[in-house]
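Overview (structure and organization)
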Amino acid sequence: GLRSWLSAVVLHLTLTISSVFVCGYKREAARREHARERDVETLTCKTSDLLATLIPKSLHQRLKGQETDTLIAAKMEFCIVLFVSLSPSATAFASSRALETFKLIDEIYTAFDSIVDGFGFFKYHHINDTYVICCPRTSH
C-alpha cells in the first residue's frame, strides 16, 4: 500500500520535473532560433540596401527576383566609365573655409547626381573625393 503509493508519487514528481525541464529547454532553443532568424533577416536587408548603392536599380531588382544559380548578364557593345576627382587646394581646407568647401563639393556632387539621373547613367559611388559614373551606350 503505502510503499507503492509513495513510489507512484516519486515517479510522478520525477516525470513532472523532467517534463518542465524539457519544455524549458525547447522554449529556450526556439527563442534562440527566432533570434537567429531575425538577425539573418536584418543582415539580409542591410546587404540588400548596400548592394542597391553599388549597382544600378534595374539590376538590383532583377537580382532580388532571381534564383541564386541563374546568371544575370547583358551584352554591352560600348560603355564609358568616368572618374571625376575634385582636388581643392590645401588653403581651401583651412579651418575658416572648411565648411564652405564641403558645402561646395556637396553642391557639385548633387548637380552631378541630377545630370546622371537625367541621362540614364549610373553613379557607382563616391570613392574618397572621386565621383564614378558608368554610361552604357543605351543611355540617352
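Note: the structure precedes this text.
One structure accompanies this document, and this report is about it. Because the structure is a prediction, the values reported are computed rather than measured.

A count of helices and strands for the protein gives 3 helices and 3 strands. Reading the secondary structure of the protein in the N-to-C direction produces α-α-β-α-β-β. Considering the protein as a whole, with its 140 residues, one finds that 16% of them fall into the buried category. Restricting the contact set of the protein to residue pairs at least 6 apart, pairs at least 24 apart contribute 41%. Of the accessible surface of the protein, which amounts to about 11600 Å², a share of 64% is contributed by carbon and sulfur atoms.

All right, on to helix H3 (residues 98–119) then. Look at H3: 32 Å from first C-alpha to last across 22 residues, which is about the 32 Å you get at 1.5 Å a residue. Among the residues making up H3, those that are buried are Ala98, Thr101, Ile105, Tyr109 and Val116. Angular distribution of buried residues about the axis of H3 spans 65°; they occupy a single face of the element. Away from the buried face of H3 by more than 90 degrees, exposed residues Leu99, Glu107 and Asp117 are located. At the exit of H3 stands Gly120, carrying a positive phi of roughly 80°.

Inspection of every chain in the model, using the stated rule, returns 3 salt bridges. A salt bridge links Arg32 to Glu28; its shortest N-O distance comes to 3.8 Å. With Arg32 and Glu28 both in helix H1 (residues 2–54) and 4 residues apart, the pair spans about one turn of that helix. With relative accessibility at 36%, the residue Arg32 sits in the partly exposed group. On the basis of relative accessibility, which here comes to 26%, the residue Glu28 falls in the partly exposed class. Linked by salt bridges that have partners in common, Glu28, Arg31 and Arg32 make up one network.

What follows is about a nonpolar patch on the surface. Side chains of Leu2, Trp5, Leu6 and Val10 sit close together on the surface and give an oily, nonpolar patch of about 460 Å² of accessible area. Considering the arrangement of structural elements, one finds Val10 in helix H1. Relative accessible area serves as the criterion here: at 47%, Val10 is assigned to the partly exposed category.

Cut-offs applied
- Residues numbered from 1 in each chain as written.
- Predicted model: local features only at pLDDT ≥ 70, side-chain atom pairs only at ≥ 80, totals over all residues.
- Heavy atoms only, no water.
- Helix = DSSP H or I, 4+ residues; strand = E, 2+ residues; numbered from the N terminus.
- Buried < 20%, exposed > 50% of the residue type's maximum accessible area, 1.4 Å probe, protein only.
- Contact = heavy atoms within 4.5 Å.
- Areas by Shrake-Rupley, 256 points an atom, 1.4 Å probe, with all protein chains shown as cover.
- Expected span 1.5 Å × (residues − 1).
- Arc of directions from axis to C-beta.
- Salt bridge = Lys/Arg side-chain N within 4 Å of Asp/Glu carboxyl O.
- Patch = residues over 30% accessible without salt bridge, like charges linked within 9 Å, V, L, I, M, F, W, Y side chains within 5 Å.

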